[in-house]
Structure formats: structure tokens, C-alpha cells
Amino acid sequence: MICNLCPRNCGAERNENNGFGFCKMPSQPVLARASKHIWEEPCIAGEGGAGAVFFSGCTLKCCFCQNFEISHFNKGKKISVQRLAEIFRELEGEGCSSIDLVNPTHFSDSIISAFEIYKPSIPIVYNSSGYDSVSTLKRFEGIVDVYLPDIKYFDTAVSSKYAACPDYFEKASAALLEMKRQTGECEFENGLMTKGLLVRHLVLPSNINDSKKILWWIKNNLGENTFVSLMSQYTPFADAKKHKEINRRLFTAEYDKVVDYFFEIGLKNGFMQEKTSASADFIPKFDNFGV
């Protein structure tokens, strides 16, 4: 395949065994873990936990990524589309509340093909960095029930510095608007989100103003009722050490300022994290379990 699935628009060749684009992934899916995951937001994990399918490779590769083993170093196991469909069935059979597709963008073709083989009856969650192409997202309309994107950066200088991605906000904002168009207002059943958009934002040290700009955009473009997960779990991994201002954990005062701003501007639905979430203990083992 000649790949233009993500906004990088590499136009690079990807075959069953090798990939020559930004993500360095082959066309066949590569997974690092597929298992019940209880640490997602309560409305995603539900009572049975999220059936998290961790795809290897990444279209963004933030310098501080906590999942750097799979996003930067592509750790994982190549599988067939048929096996991916079987994994969806197995996670559903284990009692998971949802199928949580973690970082799925660059394997969109394979994922859609797998759902043609078997589509679970539990909610399908598209859990991405937000750096998605609208054209790719449109192919998931009627397949994905819940979109769970990050919106990481507002200013071009920030996204360029930490992800070599000057057009991040331009592309991510368009992607979130498309996600909202597809799902409409959120729907719940027994506390589980069955349809809708839940936007995540990781508050970065020394970048409070960028976080405020993102919240202002959400309120004015997605609406005051948008569900937002404000994350305080930032821990300096990978190449964060190259940037002094983020080579530390988030101060409580920094996070509190962003939370206060969330309420000041009239956003109504949010999930807030405790500072204890900033720990490597919550990172899954990428050991091919369940693959």
C-alpha cells in the first residue's frame, strides 16, 4: 500500500513485512498487548474494564511518551487481520465493557477489515493522539461508537518542539470536529458511554497557557457540555530530558490552575486525576500478552 492514512501524508510504501513511512509500520497490524484495562476513564472502562488493544508505532511520537517502547521503538508482534478479529471476540468474551483501540490510526485499513469479520456488540472506542485525517475518520462512521482523542498542543511552537508536528492543532481540531459530527451528543447506559466524544488533555509542566487555549477552543467549538478528561499523569519519559522545562513532574499548583480555568469558562463535564496517577506503575507491560 501507498499510505496517506494520517496527516503526515508520507505517501510511503507499506507492505506485509515492512513500512517506510513516519510510523515505520508494515501494513499488517502490529500489537504489543491486548487485555482488560481498568485505568481508563470510568465511563470507558465500565464495570468490566476496557478491552485495550495496544497498536505499535505512532504517527506523532511525542518526545515524552510514556508508551515509548511501542510508539518510538515499535515493540510488538505482527498478526493477521483474522487474528485481530479473534482478539476482539476474545476480549468481549472476557466481559470487557468496551473495545478500546489504542493508537489505531495507521492500522485503519486492517481494523476496518477485522470488524467486517467480527464486530463486538459492546462499544467500540477509537483512542488516538488526535492527529487524525478527516478522510480516514469518515471511514469509521457507523463503526466507532465513542471517540477518545487527545488534544495535546495548541501553539505551533509547542507541537513543533515536542512532536516535530507544526500542524498538530490544525489537523487535530478538524479531526475532533469530525468526531463530534459523527457521534453527536453523548449517550450512556449504566454509567458506560455508549456513544459520543470524550476529549483528553494531558497538562504539561510549564505549558499552562497552552492548556488554557485548548480548553477555550473546546468550549467554543465543541460546546460547554463536552466531556473532557484533564490528566495530571505526566511523567518525564523517553526524550523529555532534552527539554529542561518538561523534565519534571507536574506541580500541583499548575494542574489546579488548569482545573480552575475549566470551571471558570463554563465547561461542565470533566474527569480530573489525582496526582498519584503520575507513576510508571500504571503503564501496561508491553509483552505481547493476549496477542
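You'll find the structure just up there.
Residues numbered from 1 in each chain as written. Predicted model: local features only at pLDDT ≥ 70, side-chain atom pairs only at ≥ 80, totals over all residues. Heavy atoms only, no water.

A few points about the overall build of the chain
Thinking step 1. The number of helices and strands found in the chain is 9 helices and 12 strands.
Thinking step 2. For 291 residues, the compact-globule formula gives about 19 Å, and the C-alpha radius of gyration of the chain, at 18 Å, lands near that figure.
Thinking step 3. In terms of overall dimensions, the chain has C-alpha extents of about 50 × 45 × 35 Å along its principal axes.
Thinking step 4. The long-range fraction of contacts in the chain, counting pairs at least 24 apart against all pairs at least 6 apart in sequence, stands at 71%.
Thinking step 5. Summed over its atoms, the accessible surface of the chain is roughly 12,100 Å², and 50% of this surface lies on carbon and sulfur atoms.
Thinking step 6. For the chain, the centre of its 33 positive side-chain charges and the centre of its 35 negative side-chain charges are spaced 5 Å apart. (Helix = DSSP H or I, 4+ residues; strand = E, 2+ residues; numbered from the N terminus. Rg over C-alpha atoms; globule rule 2.2 N^0.38 Å. Contact = heavy atoms within 4.5 Å. Areas by Shrake-Rupley, 256 points an atom, 1.4 Å probe, with all protein chains shown as cover. Lys, Arg positive; Asp, Glu negative; His and termini not counted. Charge placed at Lys NZ, Arg CZ, Asp CG, Glu CD.)

So, the side chain of Asn 127
Thinking step 1. Summarising the element assignment, Asn 127 is placed in strand E7 (residues 124–128).
Thinking step 2. A polar side-chain atom of Asn 127 sits 3.2 Å from a polar atom in the side chain of Asp 100.
Thinking step 3. In contact with Asn 127, not counting residues within four places along its chain, are Glu 40, Asp 100, Leu 101, Val 102, Asn 103, Pro 104, Leu 148 and Arg 200. (Polar contact = N/O pair within 3.5 Å; in protein donor to acceptor, adjacent residues only side chain to side chain.)

Considerations on unusual backbone geometry
Negative phi values dominate among residues other than glycine, just as trans dominates among peptide bonds.
Thinking step 1. The backbone phi angle of Asn 9 is positive, close to 50°, even though this residue is not glycine.
Thinking step 2. The topology assignment puts Asn 9 in the loop between strand E1 (2–3) and strand E2 (12–13).
Thinking step 3. Judged by relative accessible area, Asn 9 falls into the partly exposed class, the value being 45%.
Thinking step 4. Although it is not a glycine, Asn 190 sits at a positive phi angle of roughly 55°.
Thinking step 5. Within the secondary structure, Asn 190 is located in the loop between strand E9 (187–189) and strand E10 (192–202). (Buried < 20%, exposed > 50% of the residue type's maximum accessible area, 1.4 Å probe, protein only.)

Re the pairing of strand E3 (residues 30–37)
Thinking step 1. In terms of burial, E3 is largely enclosed, as 7 of its 8 residues are buried.
Thinking step 2. In the sheet, E3 pairs with strand E5 (residues 77–78) via 2 bridges, with the strands oriented antiparallel. Its bridge partner being in E5, Val 30 is matched across the sheet by Lys 78.
Thinking step 3. Of the strand pairs in this sheet, E3 and strand E4 (residues 50–55) are connected by 6 bridges, and their pairing is antiparallel. Bridge pairing in E4 places Ala 34 opposite Val 53. (Pairing = 2+ DSSP bridges.)

Some thoughts on the environment of Cys 6
Thinking step 1. When you line up the elements, Cys 6 lands in the loop between E1 and E2.
Thinking step 2. As a C-alpha pair, Cys 6 and Ser 56 span 50 residues in sequence and 15 Å in three-dimensional space.
Thinking step 3. Excluding residues within four positions of it along the chain, Cys 6 makes contact with Thr 59, Thr 105 and Ser 133.

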